Amino acid sequence: MPDREPIGVIGAGWVGLVTAACFAELGHEVHCRDIVPEKVEALRRGDVPIFEPGLADLVERNRERLHFTTDMGEVMSGAELLFCCVDTPPTYSGDADLSRIESVVRELGESHDHAIVMKSTVPVGTGRSIRRRRETGYVANPEFLQEGSAVHDFMHPDRVVVGSWDDSDEFGDRVVALYEALEAPIVRTDVASAEMIKLASNAFLATKISFINEIANVSEELGADVTEVARGMGLDERIGTQFLRAGIGYGGSCFPKDVSALKQLAGNSGYHFQLLTAVIEVNELQKRRTIGKLQKHLGSLVGKEIALLGVAFKPNTDDVREATSLVLAARLQSEGAHVRVYDPKAAGRARELLGSAQVTASALDALTGADAAVLVTEWPEFRELDWAGEVKERMAQPIVVDGRNFLDAELLTAAGFRVEGIGRSSERLSGSQERVARTS
Ligand code: UGA
């Protein structure tokens, strides 16, 4: 076997491409297969079809080691460890759709020389069910990458989880060896536990977000500021500062899907996972509370012009899957509002999902003539806008709902905006306006 083992990657989506490019960067030959010929053609030319910071550079730098193909046979003759990175979207029942994984297993057939290294997020028990068809050659290796920082996360993981049938599994050892260069803690465990680590981690992070969102809602009633509360809580090492940012709900292709998949999985096994039911409900309500905040200032929304700043489910990505913006745009339109949206990267992708909402070329275009603005995604450029000057002049009414507590609320309030944040009572903001007025 060569020094650096060649690897195969099945599925050139977001996880697959990051995995392929990062292993190539670590010196491995990578054979990456996707079933969409146009995508493969584009990748061969060096065009990366998704926006992920650093990814295009990595692909460019490692073009010699990255081989893209539509042919599974080509991948199988080039590598024995095949990272399965196909997507597992939710079905109507909330279960994960495993049909793409099933076809990979079928294509692999009886081969004992190859192992499926499962990176796709799968229900606990998937490995066991595949084992009925493949005795050996299965390793669970869930990914914990965050969109927007995936390349960094791959190279500097908090931990690498490798699940195999037994501790001496040869394929498991080979997967561990691939990650040795990263010097991260390796959690070597059984397949079902590895599968559960992934789902439980995402469910826990989503729970943290829904928890802080409820604290935010109560803080609004009781006059506390959730940002201060989260800061004070987070410094307790047992709690930690991360994932305590209150906002208008979590989105993306992972949390909504994985939380409902775990809840469903528990339900299928006869266990009612009460906590996750609440996490999901809080997240849905959080999105809708924004509408109430607009109505508080505008009354009926019929005919009102509402600007949504940000479409992507979070900054630094063009991913709009399960994005809060889509729910808001639909709700606002059903209330009779006219919606304009702007996003520096993601608006194009979302056009079809935004109904009759108008997609503008700049944030200022969206804000011109708007009765209110809602900050949905915390793209840095939204903070750079001249809120007190040009924006104030251009908006029809100076009303801002800051769904991510991202803007300088004191500055906006001092400039005459009515600002609704998350988890900050308006009383506190008008208090700070008085403070600004007294000191100026
Ligand atoms: C998430 C996990 O963080 C990754 O570890 C995991 O690998 C990935 O899912 C996956 O399963 O593939 P990602 O979906 O890229 O990563 O996004 P996050 O950064 O986790 O954010 C998810 C959502 O939570 C976003 O809508 C974000 O705005 C929201 N969020 C995050 C908050 O509302 N508050 C926070 O404090 C943090």
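Fair warning: this is a prediction, and the values are worked out from it, not measured in the lab. (Residues numbered from 1 in each chain as written. Predicted model: local features only at pLDDT ≥ 70, side-chain atom pairs only at ≥ 80, totals over all residues. Heavy atoms only, no water.)

Chemist: Describe the overall build of the chain, with residues and values.
Modeler: On a plain count of helices and strands, the chain comes out with 19 helices and 14 strands. The C-alpha atoms of the chain give 24 Å as radius of gyration, which agrees with the globular expectation for 440 residues (22 Å, within 12%). Seen along its three principal axes, the alpha-carbon backbone of the chain occupies a region of about 75 × 45 × 40 Å. Within the chain, buried positions represent 53% of all 440 residues. Within the chain, contacts between residues at least 6 apart in sequence are counted, and of these 71% link residues at least 24 apart. Accessible surface computed for the chain: about 19,700 Å², of which carbon and sulfur atoms make up 50%. Charge centroids of the chain, computed over 48 positive and 67 negative side chains, lie 4 Å from each other. (Helix = DSSP H or I, 4+ residues; strand = E, 2+ residues; numbered from the N terminus. Rg over C-alpha atoms; globule rule 2.2 N^0.38 Å. Buried < 20%, exposed > 50% of the residue type's maximum accessible area, 1.4 Å probe, protein only. Contact = heavy atoms within 4.5 Å. Areas by Shrake-Rupley, 256 points an atom, 1.4 Å probe, with all protein chains shown as cover. Lys, Arg positive; Asp, Glu negative; His and termini not counted. Charge placed at Lys NZ, Arg CZ, Asp CG, Glu CD.)

Chemist: Summarise the site of the ligand; cite the residues concerned and give the values.
Modeler: Residues in contact with the ligand amount to 19 residues; listed here are only the nearest, Glu143, Leu145, Glu147, Lys198 and Asn202. Gln146 is positioned such that a nitrogen or oxygen atom in its side chain is 2.9 Å from an oxygen atom of the ligand. Contributing elements (two or more residues each) for the shell around the ligand: α9 (191-222) and α11 (255-268). With three residues, α9 is the single largest residue contributor to the shell around the ligand. (Near = heavy atom within 4 Å. Polar contact = N/O pair within 3.5 Å; in protein donor to acceptor, adjacent residues only side chain to side chain.)

Chemist: Quick one: what's the story with the packing of α11 against helix α12 (residues 274-298), residue by residue and with numbers?
Modeler: Following both chains from N to C, one finds α11 and α12 inclined at 150 degrees, their axes separated by 9 Å at the closest point. As the angle between them shows, α11 and α12 are arranged roughly antiparallel. Regarding α11 and α12, the two cross each other, and that crossing is left-handed. Residues Val259, Ser260, Leu262 and Lys263 of α11 lie in contact with α12, whose contacting residues are Leu276, Thr277, Val279 and Ile280. A class-by-class count of the residues in the contact of α11 with α12 yields five nonpolar, two polar and one charged. (Axes fitted to C-alpha atoms, helices over the stretch in contact; angles between N-to-C directions. Parallel < 35°, antiparallel > 145°, perpendicular 65-115°, else oblique. Left-handed = near helix turned anticlockwise from the far one by under 90°. Nonpolar A, V, L, I, M, F, W, Y, C, P; charged D, E, K, R; others polar.)

Chemist: Describe the packing of aromatic side chains, with residues and values.
Modeler: Enumeration according to the criterion identifies ten aromatic pairs in this entry. Members of the aromatic cluster, joined through ring pairs, are Phe23, Phe83, Phe154 and Tyr179. Its guanidinium or amino end placed over the ring of Phe406, Arg383 lies 4.0 Å from that ring's centre, counting from NZ or CZ. (Phe/Tyr/Trp six-rings, centres within 6.5 Å; stacked < 30°, edge-to-face > 60°. Lys NZ or Arg CZ within 6 Å of the ring centre and 35° of its normal.)

Chemist: Which residues make up unusual backbone geometry, and what are the values?
Modeler: Residue Glu183 is not a glycine yet carries a positive backbone phi of 50 degrees. In this fold, Glu183 is placed in the loop between α8 (170-179) and β8 (186-189). Taking relative accessible area as the criterion, Glu183 reaches 74% and is therefore assigned exposed. Of note in this structure, Phe243 is not a glycine but carries a positive phi near 60 degrees.

Chemist: Mind laying out the pattern of salt bridges, listing which residues take part and the relevant values?
Modeler: Inspection of the entire model under this criterion finds 29 salt bridges. Of the charged contacts, one joins Glu60 and Arg63 as a salt bridge, the two residues approaching to 3.5 Å between their closest N and O atoms. Arg63 gets classed as partly exposed once you look at its relative accessible area, which sits at 36%. For Arg340, the salt bridge identified is with Glu305, shortest N-O distance 2.9 Å. Of this pair, Arg340 sits in strand β10 (residues 338-342) while Glu305 sits in strand β9 (residues 305-309), and the two are 35 residues apart along the sequence. Classification of Arg340 by relative accessible area gives buried; the value is 9%. When salt bridges that share partners are traced, they join Glu5, Glu80, Glu170 and Arg174 into one network. (Salt bridge = Lys/Arg side-chain N within 4 Å of Asp/Glu carboxyl O.)

Chemist: Which residues make up the pairing of strand β5 (residues 115-118), and what are the values?
Modeler: Where burial is concerned, the two faces of β5 agree: the one with Ala115 and Val117 and the one with Ile116 and Met118 are both buried. Bridge count between strand β4 (residues 81-84) and β5: four bridges; the pairing is parallel. Along β5, the bridge assignment pairs Leu81 with Ala115. Traced from β4 through helix α5 (residues 99-108) to β5, the parallel crossover comes out right-handed. (Pairing = 2+ DSSP bridges. Right-handed = clockwise from strand over helix to strand, strands pointing away.)

Chemist: Kindly report on the sheet that holds strand β14 (residues 418-420), identifying the contributing residues and their values.
Modeler: What the six strands build is an open sheet, ordered β11-β10-β9-β12-β13-β14; its pairing is parallel. The open sheet has two edge strands, β11 (358-359) and β14, and neither has a second partner. Sheet topology note: the β9/β10 ladder contains five bridges and is parallel. Counted as the bridge partner of Ala307 is Arg340 from β10. Across the sheet, helix α13 (residues 324-334) touches β9, β10 and β12 (372-375), and the angle it forms with β9 is around 175 degrees.

Chemist: Describe in detail the confidence of the model for the chain, supporting the description with residues and values.
Modeler: Taken residue by residue, the chain gives an average pLDDT of 93. The fraction at 70 or more is 96%. Segment residues 431-440: pLDDT under 50, and six contacts once partners within four positions in sequence are set aside and those in other chains are kept. (pLDDT = per-residue confidence, 0-100.)

Chemist: Summarise empty space enclosed by the protein; cite the residues concerned and give the values.
Modeler: One pass over the full model with this rule turns up two cavities of 30 Å³ or more. In this structure, the largest cavity encloses a volume near 70 Å³. Met118, Lys119, Ser120, Thr121, Val122, Ala140, Asn141, Pro142, Ala194, Glu195 and Lys198 together form the lining of the largest cavity. The leading source of residues in the lining of the largest cavity is α9, at three residues. In terms of residue class, the lining of the largest cavity is built from five nonpolar, three polar and three charged. Within this model, the second largest cavity holds a volume of roughly 40 Å³. Residue lining of the second largest cavity: Thr88, Ala96, Thr121, Val122, Pro123, Leu199, Lys257, Asp258 and Ala261, and that is the complete set. Tallying contributions element by element places α11 first for the lining of the second largest cavity, with three residues. Grouping the amino acids of the lining of the second largest cavity by side-chain chemistry returns five nonpolar, two polar and two charged. (1 Å grid on protein atoms, 1.4 Å probe; cavity = no way out; pocket = protein on both sides within 12 Å on 5 of 7 lines; lining within 4 Å. Points joined across faces, edges and corners; volume = space filled by probe spheres on them.)

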